[in-house]
Amino acid sequence: MVRKIDIYLLKNFLWLFFATFFIAIFILLMQFMWMHVNDLVGKGIGLSVLAEFFVYATASVVPLALPLAILLSSLIAFGNLAEKFELTAMKAAGISLFRILRPLAVAVALLSVGAFYFSNNVLPKSQVKLWALIFSLRQKSPELQIPVGEFYDEISGYHIYVRDKTPRGELLNIMIYDYSAGFENAKVMVADTGRLSSSADKRFLMLDLVQGEAFENLNKKQQRATGSTKSIPYRRETFSHKRIVIDFATNFNRYDESILDDQHVSKNVSQLMHSIDSVQELSHERSRDQSSRLIGERYFGRENRKETILVPGSLTEDERRTYNLDSLWAEASVTTMQRVYTTAIDRAKNYKDQIEYNSIMLEDSERYIRKHEIELHRKFTLAFACLVFFFIGAPLGAIIRKGGLGAPVVISVILFIIYYIIDNTGYKMAREAIWPCWAGMWLSSFVLLPTGIFLTYKAATDSPLFNPEAWVIQYKKAMARIKGLKH
């Protein structure tokens, strides 16, 4: 039965959870945006694309924001209850700490189920769309804004210098270095005025120059064509109007999302398990094929060939068995020995190259499997981390008896940094195949779970874990015992 005390506790917890969740989302989203600021700034992206990027980026930071929000909200909620002596009144009325935790534990368990559903069904789709969008943004040409008084090099193959601009957008006193055909075929153009415009399909940039000159060094082929005898031939052109067409696509072209279909971030649990099984079977088959081939052709295939350099092929099987290789080698001529050495070295190199190639192929398969196994475990560790952080935050708030946004925020940040360091360490260990994937991905949970159990036990027994006076008393008792032992 749901009692009034359960509803009261749920109200106190849930509004804190949603508030801290959105705060955590905002902080992590700003950090994510800062990492990709170069992909967004100066590209002339529309508001719809930016809004789409924000939505997908928000979904990508939920796995970090959710455990942090549960930790902070449970810490603040129980800190408030303990600071206002409401927790003491509940215990005095005969309600145990585990009974008080029960409705919130059920709510957090439901949140954990929702977190697993989100990471299994929503996150893969949002990750595909996010990275396809990021790749598209990276390929988009920057918005053309030529500065005054400095060289502009954002157009590939061109350096443009403009001394001044008019209010109508005309460029004054322009100097252009054209390296589009290579540095050996560089061109230099100067003009009094110019104007930039885009083609109708926005695939080309058109630069109209008025009253200027162009200089170009001639290569040997051009020198022969013009009949020039100068040691450093060049061509000079004077023009009243000249149009330069530059390949500069300004359209926003989206990447095809299907390029990410086989990536680990785009799959749910069943797809990850299917990919792992398929690649493992392929890897095992390739390994067995390599082993059987080496075993079947041991001694460089000597047992499978009827004729070798030392043993002629005209001999019968019985005669072949009576031959001793050491005796044949001792009786061989220098030319035969050289042929044997050369043949052996060539065959050894061929086998070495084949083994190295198979090793690279097997390493690629193992790396593919590790990525998928890491992603598979991550979907479960997110849900489990929510439960672990609740059983750390709630008893810790009851012990420290501090609510609000002071001490709980500091403690939450410290605990979350510890969790992030441990989790990232385990992830790198699993990624580099130093540890098994399950050990690396569950490392943070294995470390924090005993901490949660310990804090819950201390809170249930009203242990003064963070009371300085209690620690001073224990210290004095320990010193008194040490002095008693000395006497």
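Residues numbered from 1 in each chain as written. Predicted model: local features only at pLDDT ≥ 70, side-chain atom pairs only at ≥ 80, totals over all residues. Heavy atoms only, no water.

Caption draft 1: Examining the overall build of the protein chain more closely. In terms of helices and strands, the protein chain carries 14 helices and six strands. Evaluated residue by residue, the protein chain yields a buried proportion of 36% over its 487 residues. Long-range contacts, defined as pairs at least 24 residues apart, comprise 67% of the intrachain contacts of the protein chain with a sequence gap of at least 6. (Helix = DSSP H or I, 4+ residues; strand = E, 2+ residues; numbered from the N terminus. Buried < 20%, exposed > 50% of the residue type's maximum accessible area, 1.4 Å probe, protein only. Contact = heavy atoms within 4.5 Å.)

Caption draft 2: Expanded view of empty space enclosed by the protein. In this structure the tally under the stated criterion is one cavity of 30 Å³ or more. The volume enclosed by the largest cavity comes to roughly 40 Å³. Put simply, the parts of the chain that give the lining of the largest cavity at least two residues each are helix 5 (97-139) and helix 10 (334-400). Take the lining of the largest cavity: its biggest share by element is four residues, from helix 10. The class makeup of the residues in the lining of the largest cavity is three nonpolar, one polar and three charged. (1 Å grid on protein atoms, 1.4 Å probe; cavity = no way out; pocket = protein on both sides within 12 Å on 5 of 7 lines; lining within 4 Å. Points joined across faces, edges and corners; volume = space filled by probe spheres on them. Nonpolar A, V, L, I, M, F, W, Y, C, P; charged D, E, K, R; others polar.)

Caption draft 3: Quick peek at the layout of surface pockets. For the largest pocket, the calculated volume is near 1,600 Å³. Along the walls of the largest pocket sit 49 residues, with Ser-60, Val-61, Pro-63, Leu-64 and Tyr-420 positioned nearest its centre. Mapped by element, the contributors of at least two residues to the lining of the largest pocket are helix 1 (4-35), helix 3 (47-83), helix 5, helix 10 and helix 11 (407-431).

Caption draft 4: Seen up close, helix 3. Taking 1.5 Å per residue, 37 residues should reach 54 Å; helix 3 reaches only 46 Å between its end C-alpha atoms and comes up short. The largest bend in helix 3 is about 50°, located at Val-62, with the proline Pro-63 one to four residues further on. Downstream of helix 3 by a residue or two, Phe-85 has a phi angle that is positive, lying close to 65°. (Expected span 1.5 Å × (residues − 1). Bend = angle between axes of the 7 residues up to and from the residue.)

Caption draft 5: Local environment of a nonpolar patch on the surface. A contiguous nonpolar surface patch, about 480 Å² in accessible area, is contributed by Ile-23, Phe-26, Ile-27, Met-30 and Phe-54. Of all the elements, helix 1 adds the most residues to the nonpolar patch, at four residues. Tracing the backbone shows Phe-26 in helix 1. A residue is classified by how much of its surface remains accessible, and Phe-26, at 52% relative accessible area, is exposed. (Patch = residues over 30% accessible without salt bridge, like charges linked within 9 Å, V, L, I, M, F, W, Y side chains within 5 Å. Areas by Shrake-Rupley, 256 points an atom, 1.4 Å probe, with all protein chains shown as cover. Salt bridge = Lys/Arg side-chain N within 4 Å of Asp/Glu carboxyl O.)

Caption draft 6: The arrangement of the nonpolar core in detail. Membership of the largest hydrophobic core comes to 66 residues, with the highest contact counts inside it found for Phe-53, Phe-78 and Phe-390. The biggest single contributor to this core is helix 3, with 20 residues. Leave out the neighbours within four places in its chain, and Phe-390 touches Ile-70, Ser-74, Leu-101, Leu-104, Ala-105, Val-108 and Pro-395. By size, the runner-up hydrophobic cluster in this structure holds 18 residues, among which are Tyr-152, Val-162, Leu-171 and Ile-246. (Core = buried A, V, L, I, M, F, W, Y, C linked by side-chain atoms within 4.5 Å.)

Caption draft 7: How the structure looks around the packing of helix 11 against helix 13 (residues 443-460). As a packed pair, helix 11 and helix 13 sit with axes 7 Å apart at the nearest point and diverge in direction by 145°. Along its contact with helix 11, which presents Tyr-419, Ile-422, Asp-423 and Gly-426, the element helix 13 presents Leu-443, Ser-444, Val-447 and Leu-448. Within the contact of helix 11 with helix 13, the residues separate by chemical class into five nonpolar, two polar and one charged. (Axes fitted to C-alpha atoms, helices over the stretch in contact; angles between N-to-C directions.)

Caption draft 8: Spotlight on the side chain of His-372. As for its placement among the helices and strands, His-372 is situated in helix 10. Other than its neighbours up to four places away in sequence, His-372 contacts Asp-262, His-264, Lys-267, Leu-272, Ser-275 and Ile-276.

Caption draft 9: Molecular detail of the pairing of strand 2 (residues 158-165). Examined bridge by bridge, strand 1 (residues 151-152) and strand 2 share two bridges and lie antiparallel to one another. Residue pairing in the sheet places Phe-151 in a bridge with Tyr-161 of strand 2. Remark: five residues form the turn of the hairpin made by strand 1 and strand 2, two consecutive strands paired antiparallel; Gly-157 in that turn has positive phi of roughly 90°. In this structure, strand 2 lies alongside strand 3 (residues 171-178), joined through seven bridges in antiparallel fashion. Across the sheet, the residue bridging to Tyr-158 is Asp-178, located in strand 3. Between strand 2 and strand 3, which pair antiparallel in sequence order, lie five residues; one of them, Gly-169, sits at a positive phi of approximately 95°. (Pairing = 2+ DSSP bridges.)

Caption draft 10: Focus on the packing of aromatic side chains. All chains considered together, the criterion is met by 16 aromatic pairs. Ring centres 5.8 Å apart and planes at 20° place the aromatic pair Phe-17 and Phe-21 in the stacked group. In this pair, Phe-17 and Phe-21 both sit in helix 1, four residues apart, roughly one turn of the helix. With a relative accessible area of 3%, Phe-17 lands in the buried category. Residue classification places Phe-21 among the buried positions, given a relative accessible area of 14%. (Phe/Tyr/Trp six-rings, centres within 6.5 Å; stacked < 30°, edge-to-face > 60°.)

Caption draft 11: Examining the packing of helix 3 against helix 11 more closely. Where helix 3 contacts helix 11, the axes come no closer than 10 Å and their chain directions differ by 145°. Pair helix 3 / helix 11 crosses with right-handed handedness. Judged by residue contacts, Leu-64, Leu-68, Leu-71, Leu-72, Leu-75 and Ile-76 of helix 3 engage Pro-408, Val-409, Ile-411, Ser-412, Leu-415, Phe-416 and Tyr-420 from helix 11. Split by residue class, the contact of helix 3 with helix 11 holds twelve nonpolar, one polar and no charged. (Left-handed = near helix turned anticlockwise from the far one by under 90°.)

Caption draft 12: Representation of the confidence of the model for the protein chain in the model. On average, the protein chain scores 80 in pLDDT, and the residues at 70 or more come to 82%. Ranking the helices and strands of the protein chain by mean pLDDT puts helix 12 (residues 437-441) first, with 90, and helix 6 (residues 220-226) last, with 53. (pLDDT = per-residue confidence, 0-100.)

Caption draft 13: Local environment of unusual backbone geometry. Of note, Phe-85 is a non-glycine position whose phi angle comes to about 65°, a positive value. Residue placement: Phe-85 occurs in the loop between helix 3 and helix 4 (86-92). The class for Phe-85 is exposed, based on a relative accessible area of 55%. The backbone phi angle of Asn-173 is positive, close to 50°, even though this residue is not glycine. Structurally, the position occupied by Asn-173 is in strand 3.

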